[in-house]
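# Structural features, examined
Each chain, letter by letter, is given below.
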Amino acid sequence: MSKYGFVAVPRDVHQALPHPNPPKPHLTTDIPTTKLAKFVTDYTKEKLPTETFNHLIRVYLYLKAIIADQYPQWDLDDEVIYVTAMLHDIGQIKECMDATKMLFEFYGGMLAHKLVVDHTGDRDYADAVCEAIIRHQDLGDLGYITTLGLIIQICTILDNVGLNPELIHKDTLDAVNKAYSRKGWLQCFAGAIDNENTRKPWGHTSKLGVDKFREDVLANKLAYEKL
Ligand code: ZN
């Protein structure tokens with residue numbers, strides 16, 4: 001295995017996980033506090049709206065829970081998971097949108113690569129984060145992806161569209177969403193999709209359907225919190 005996720009797994013979640021385990025509750029909502037983790041927390045809190053910041057933390061906590069339940073044999077490093085989760089949407093900030101005509105995932109991946117190299121000097125670490133960010137919306141049923149790339153796809157689409165909820169326990173979803181509110185998130189994300197598709201109509205986000213993806217997001221009716 002690999003602490004950076006450089007192991008090929010099927011890109012299709014149903015091939016990668018044909019027989020999911022019954023999920024268990026994971027109620028801890030702690031986040032890592034290493035030097036780089038703290039930098040990334042402060043950086044994303046400063047640069048992104050609260051709705052997006054909370055989405056990033058939720059994605060990290062889903063990652064932890066789903067790996068524990070469904071992929072206990074993986075040995076992905078916790079800080080690598082956190083840095084990837086927290087930076088996966090960094091390409092949506094205004095200064096990135098203004099700086100490039102490249103797709104937000106690509107430019108954000110490149111920015112994350114630089115941040116990780118600057119802080120660690122570890123190019124494998126930076127490559128892993130960058131590759132997973134670039135491919136986090138690269139959903140499909142053919143070919144392979146890193147373990148880190150697969151799990152970030154699963155967890156972002158779970159938070160945005162409500163897919164594959166059987167992989168995570170209802171109590172985990174409840175604890176995470178109560179700790180990091182999803183209030184306003186779907187509208188915020190739908191706006192980011194429209195902004196990307198308007199400013200970069202050639203972009204990768206359009207592959208998910210210019211109107212369809214926004215509508216799928218706004219139609220997400222998964223009950224994340226218990227009443
Ligand atoms: Zn996201």
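Preceding block: the structure.
Described in the following lines is the structure provided in the data block. (Residues numbered from 1 in each chain as written. Predicted model: local features only at pLDDT ≥ 70, side-chain atom pairs only at ≥ 80, totals over all residues. Heavy atoms only, no water.)

## What about the overall build of the protein chain?
Within the protein chain one finds 11 helices and 2 strands. Walking the protein chain from its N terminus toward its C terminus, one meets helices and strands in the order β-α-α-α-α-α-α-α-β-α-α-α-α. The C-alpha radius of gyration computed for the protein chain amounts to 16 Å, which stays within 12% of the reference 17 Å derived for 227 residues, consistent with globular compactness. Out of the 227 residues belonging to the protein chain, those deemed buried represent 54%. For the protein chain, long-range pairs separated by at least 24 residues make up 79% of all intrachain contacts whose partners lie at least 6 apart in sequence. Surface summary for the protein chain: the accessible area is close to 10,300 Å², and the carbon and sulfur share equals 55%. The averaged location of the 31 negative side-chain charges in the protein chain is 3 Å from the averaged location of its 25 positive side-chain charges. (Helix = DSSP H or I, 4+ residues; strand = E, 2+ residues; numbered from the N terminus. Rg over C-alpha atoms; globule rule 2.2 N^0.38 Å. Buried < 20%, exposed > 50% of the residue type's maximum accessible area, 1.4 Å probe, protein only. Contact = heavy atoms within 4.5 Å. Areas by Shrake-Rupley, 256 points an atom, 1.4 Å probe, with all protein chains shown as cover. Lys, Arg positive; Asp, Glu negative; His and termini not counted. Charge placed at Lys NZ, Arg CZ, Asp CG, Glu CD.)

## Description of unusual backbone geometry
A positive phi angle, close to 55°, is found at N164, a residue other than glycine. Tracing the chain through its elements places N164 in the loop between α8 (147-160) and α9 (170-179).

## Things to note about the side chain of Q153
On the secondary structure map, Q153 appears in helix α8. Apart from residues lying up to four places away in sequence, Q153 is in contact with R11, R135, H136, D138, L139 and I145.

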